[in-house]
Every structure is written in C-alpha cells, then in structure tokens.
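# Notes for the structure review
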Amino acid sequence: MTRRTLVFPPDAQGIARAAAIIRAGGLVAFPTETVYGLGAHALDARAVQGIFEAKGRPADDPLIVHLLSADNLPLVVRTVGPAAQALTRRFWPGPLTLVLPRTDAVPPAVTAGLDTVGVRVPAHPVARALLEAAGVPIAAPSANLFTRTSPTRAEHVLEDLDGRIDLVLDGGLTSVGVESTIVDLSGAGPPRLLRPGGIAAEALAEALGIAELALPTPGNRKAAPGAYPVHYAPRTRLHLAGPSGEPGRARQVLWAEADRRAARGERVGVLLLVDDRDAAAARPALVTARLGAYADPATTAARLFDALRWLDRQGLDVLLARELADPGSGMGRALADRLGRAAAQGRLGAGRSLD
Ligand code: TXA
Ligand code: MG
C-alpha cells in the first residue's frame, strides 16, 4: 500500500482538502493538543480498516472517536449518565477520553468488537476546524507505527507513515505532549482510570466528588485494551536509572551509569531534566535532550516524545533517564507510565547494571 502523502499547512485550503479526504474514506493525520492523530471517517468501516493497515495496529486495539462537541454524543453513545455529564462539562474540549456504551452506528472495527466506545472532544484549533469541515466523527489513534513513540510533530508522523496515508496537516509541536487520560464510565462499577494522561486523575476525581478513581481490574485485558507493556519504544535501548520515587538516589545512579558507559567508549544519550544540567555540562561528550524540571512535569510532557525521537536519530549506543517527575500524582503519573513502557525492562541501581 503506497500512496503519495501530502503535507499541508492548516489554512483554509489545507483544512478543506483534509476534510474532503476524510469524507471520501481516506486517511489524514492532524494535530490535537495531546499528540497527532491518524484520522478516518468513524462511521465508515472501510476507512477505519485503513487506519489499522497504515499503523500495523492489531485489530483488538480500539480507536478513540473524536467529536466537535458533546452535543454530538448521541450519534455514537447510547447513554450519558451524570458522571459523564460532570466530566464533559468541566474538561471538554480537552485531553480526556471517556469510555461509554456505544450505538449501532459505530462500526465494530472502531471498538474492536466491544460494546463500548472511547470518545473525546479535542481542544486543538486544527482538530476542531477539521471536525467542523468534515462534518462527521473522526476515529483517530496516535499517528505512529504500532509500538513506536507517539508523534508530537508532523515530521514524526512522516517518519513513520510517509507513503501510507493521504495527508498530514502540519500544525507544529503539540502542547500537552502526552495522550489523553482515559476514564471508563461504561459499566455499573465505579469510574476507572484506564490510562493516565493529559488531565490529572485527581482533578477528575474531584469533579466526580470521589476520593480517587478506581484502577482497571488486573488481568482483565478487555478493560484496558491497547495497554501493551512495550510501547513508545525508541530503537536505541533506553534504561531507567534508580529506584522510583527517590529522585536523589536516581540521579546518583544515572550519572554513575553514564560515566561507566562513557569510559567503555559507548556513545550515551540522556533525557535531561533541567535540575541535572550542571552534571551534564561537566560531561561534554554526552548527547542530551533537554526536558523541564522534576517539579514541572507539564514542560517535560510537552517535550518528551520529541526528545525521544530526536535522541533516537543521533546514532547512540544507549539512552539513559531517571524518573522525570513525582510518579504519584498529576502529570507525573502519565510520565512514569510512558517512560516505563519506552524503557527496557528492569531498572539500573541497587547494585544492578544492565548491558
Ligand atoms: O490523546 C489521545 O488520546 C490521542 C489523540 C490522537 O486523541 N489518541 C490516542 O489514541 O492516544 P490511541 O489509539 O493511541 O490510544 C487509544 C487507546 C486504546 O489503545 C485503548 O487502550 C483505549 O484507548 N480505548 C479506546 N476505546 C476503548 C474502549 N472502548 N474501551 C477501552 N479502552 C478503549
Ligand atoms: Mg497510541
């Protein structure tokens, strides 16, 4: 399947062209506030099939349906209870996906045969202009090849999907940088956090008037399909340094490991927190990609996937990182999840070193 992939700026002409492609059953990548999505007409089963082919995505991993407004929910969702209403009012448009019972209008390919559907109303002006011009709901996973890092720039989309999709709308770097938070409200049970993301779980719990969101039942793959342990993976091996939740200790392990590997002649790349810039400056042979501060996870999230892809292009032997933020709260939870899945299994430290 080779086709010519067009790249357009998101001006009136670009949006009109992209919308016509979506309506005709083609594939368009577009920026959202989280990451770039790979969109197709959500109610056209054949168009949706094209997404799975272009990404090499397994058919058991459901897609998120993007809507222009919560007013369009009845098209794809059977019932919107009080909890869903509370969350949509407060957090849409924005990086929140709700899993709700689906209508028969949604093709089974979108939901991987589940009787629920993930829906989200994005905030990015280009995504909104495209939804408006297309006039149909748009199914869109992240616009990367399966298991690769989500794209936060149009260039990342082309790296993975050039020749496999019809058009990319280039809206520059996305602002949030990690995918939406996914909450399952479809069952009789409590609201469940299926994926930490752009909106802090604490803020969602507060809006729902509960202490905290429940987690998916362990072992229930259907509850959180697509949560594959290896995901977001750079081609260069990435190792995580140090114990979780102990930034001081993790920093020591990181620099000891960087020095050990440099001494062996390895070319080492580091995902660099601003807090560590003096240590990096003292090691000029290192290749670093600068993130935010440990206490500023929003800045780090906005840069993380771009930094990973950039480091991956530098021809390095190994990538190192320490935990990027407090893993117990807010955006730190999403960062710990993404970095953990990008990294090779096992942590460095406590006398352990991996080669
Ligand atoms: O920020 C985002 O959410 C981005 C932008 C493009 O909107 N999209 C995104 O899509 O990250 P994707 O396909 O990479 O992740 C979608 C995940 C699936 O892997 C699955 O875990 C979950 O959403 N999901 C979708 N529909 C579901 C459903 N009916 N039940 C449970 N989980 C669902
Ligand atoms: Mg994805």
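This one's a predicted model, so the numbers in the text were calculated from it and none came from an experiment. (Residues numbered from 1 in each chain as written. Chains lettered and ligands numbered in written order. Predicted model: local features only at pLDDT ≥ 70, side-chain atom pairs only at ≥ 80, totals over all residues. Heavy atoms only, no water.)

## Observations regarding the nonpolar core
We count it as follows: Residue types Ala, Val, Leu, Ile, Met, Phe, Trp, Tyr and Cys, when buried and joined through side-chain atoms within 4.5 Å, form a set referred to as a nonpolar core. Burial classes follow relative accessibility: with a 1.4 Å probe on protein chains only, a residue under 20% of its type's maximum area counts as buried, one over 50% as exposed, and anything between as partly exposed. In this description a helix means any DSSP run of H or I spanning at least four residues, a strand means any run of E spanning at least two, and both kinds are numbered starting from the N terminus. Contacts are assigned to residue pairs with any non-hydrogen atoms lying within 4.5 Å of each other.
Of all hydrophobic cores here, the largest spans 44 residues; its most connected members are Leu-96, Leu-98, Val-119 and Ile-165. When residues of this core are assigned to their parent elements, the largest contribution, five residues, is made by helix H2 (residues 45-55). In this structure Ile-165 touches Arg-3, Arg-4, Thr-5, Leu-27, Ala-29, Leu-38, Ala-54 and Val-157, once residues within four positions along its chain are discounted. Grouped together as the second largest cluster of nonpolar side chains are 28 residues, Leu-324, Ala-334, Ala-342 and Ala-343 included.

## Some points on empty space enclosed by the protein
Operational definition: Cavity: a set of points on a 1 Å grid over the protein atoms alone where a 1.4 Å probe fits but cannot get out. Pocket: an open set with protein on both sides within 12 Å along at least five of seven lines, its lining residues, like those of a cavity, having an atom within 4 Å of a point. Grid points are joined across faces, edges and corners, and a volume is the space filled by probe spheres set on the points. Polarity classes work like this: nonpolar for Ala, Val, Leu, Ile, Met, Phe, Trp, Tyr, Cys and Pro, charged for Asp, Glu, Lys and Arg, and polar for all others, with Gly in that last group.
Enumeration according to the criterion identifies one cavity of 30 Å³ or more in this entry. When its volume is computed, the largest cavity comes out at roughly 30 Å³. Lining the largest cavity are Thr-181, Pro-196, Gly-197, Ile-199, Ala-200, Ala-201, Gly-330 and Arg-333. Here the residues of the lining of the largest cavity sort into four nonpolar, three polar and one charged.

## Comments concerning the sheet that holds strand E11 (residues 238-241)
Strand pairing in a sheet relies on backbone hydrogen bonds, with the paired strands running either antiparallel or parallel. Worth spelling out the cut-off: Any two strands with at least two DSSP bridges between them are considered paired. Every axis corresponds to a line fitted to the C-alpha atoms, with the helix fit spanning only the stretch in contact, and the corresponding angles, defined between N-to-C directions, vary from 0 to 180 degrees.
Strand order in the open sheet formed by five strands is E13-E12-E14-E11-E15, and the pairing between neighbours is parallel. In this open sheet, the two strands that pair with only one neighbour each are strand E13 (287-290) and strand E15 (347-348). Sheet contacts for helix H9 (residues 247-263): E11, strand E12 (268-272), strand E14 (318-322) and E15; angle to E14, the most-contacted strand, approximately 165 degrees. Along the sheet, helix H12 (residues 330-342) makes contact with E11, E12 and E14, crossing E11 at roughly 130 degrees.

## Here we look at the pattern of salt bridges
Put simply, the test is: A side-chain nitrogen of Lys or Arg and a carboxyl oxygen of Asp or Glu constitute a salt bridge if their distance falls within 4 Å.
Throughout the structure, instances matching the rule amount to 21 salt bridges. The shortest N-O distance in the salt bridge between Asp-276 and Arg-322 comes to 2.8 Å. A residue pair is termed long-range when its members are at least 10 positions apart, and Asp-276 in the loop between E12 and helix H10 (277-281) and Arg-322 in strand E14 qualify at 46 residues. Both residues of the pair, Asp-276 and Arg-322, count as buried.

## Considerations on helix H1 (residues 12-23)
As a reminder, the rule being used: A helix is expected to span 1.5 Å multiplied by its residue count minus one. Arc, as used here, means the arc of the directions from the helix axis to the C-beta atoms.
Compared with the 16 Å implied by 1.5 Å per residue over twelve residues, the 16 Å span of H1 between its first and last C-alpha is a close match. The set of residues buried in H1 consists of Gly-14, Ile-15, Ala-18, Ala-19, Ile-21 and Ile-22. End-on view of H1: buried residues confined to an arc of 160 degrees, all on one side of the axis. Facing away from the buried side of H1 by over 90 degrees, the exposed positions are Ala-12 and Gln-13. Turning to H1, the residues buried within the fold contact strand E1 (6-8), strand E2 (28-31), strand E3 (36-41), helix H6 (125-134), strand E7 (138-139) and strand E8 (167-169).

## Side note on the packing of helix H7 (residues 154-161) against helix H11 (residues 297-312)
Quick reminder of the rule: Orientation labels follow simple angle bins: below 35 degrees gives roughly parallel, above 145 gives roughly antiparallel, 65 to 115 gives roughly perpendicular, and whatever is left gives oblique. Here is the rule for handedness: rotate from the far helix to the near one, and if that takes an anticlockwise turn smaller than a right angle the crossing is left-handed, while a clockwise turn gives right-handed.
Contact pair H7 / H11: the axes reach a minimum separation of 11 Å and the direction vectors enclose 50 degrees. Put simply, H7 runs oblique to H11. Classified by chirality, the crossing of H11 by H7 is left-handed. Touching His-156, Glu-159 and Asp-160 of H7 are Phe-305, Asp-306 and Arg-309, all from H11. Here the contact of H7 with H11 is composed, by residue class, of one nonpolar, one polar and four charged.

## Points about the side chain of Ser-142
The line we're drawing: Side-chain atoms alone can form a polar contact between residues adjacent in sequence; in general such a contact is a pair of N or O atoms within 3.5 Å, and within protein one must be able to donate a hydrogen while the other accepts it.
Tracing the backbone shows Ser-142 in the loop between E7 and H7. Separated by 2.6 Å, the side chains of Ser-142 and Asn-144 make a polar contact. When residues no more than four places from it in sequence are discounted, the contact partners of Ser-142 are Val-35, Tyr-36, Gly-37, Leu-38, Lys-55, Ser-150 and Pro-151.

## A few points about the sheet that holds E2
In space, the ten strands of this open sheet follow the order E1-E8-E2-E3-E7-E4-E6-E5-E9-E10, with mixed pairing throughout. What marks the edges here is a single partner per strand, and that holds for E1 and strand E10 (192-195). Bridging between strand E9 (residues 181-184) and E10 involves three bridges; their strand directions are antiparallel. Considered in E10, the bridge of Ile-182 is made with Arg-195. Packed onto the sheet, H6 meets E2, strand E4 (64-66), E7 and E8 and runs at close to 135 degrees relative to E2.

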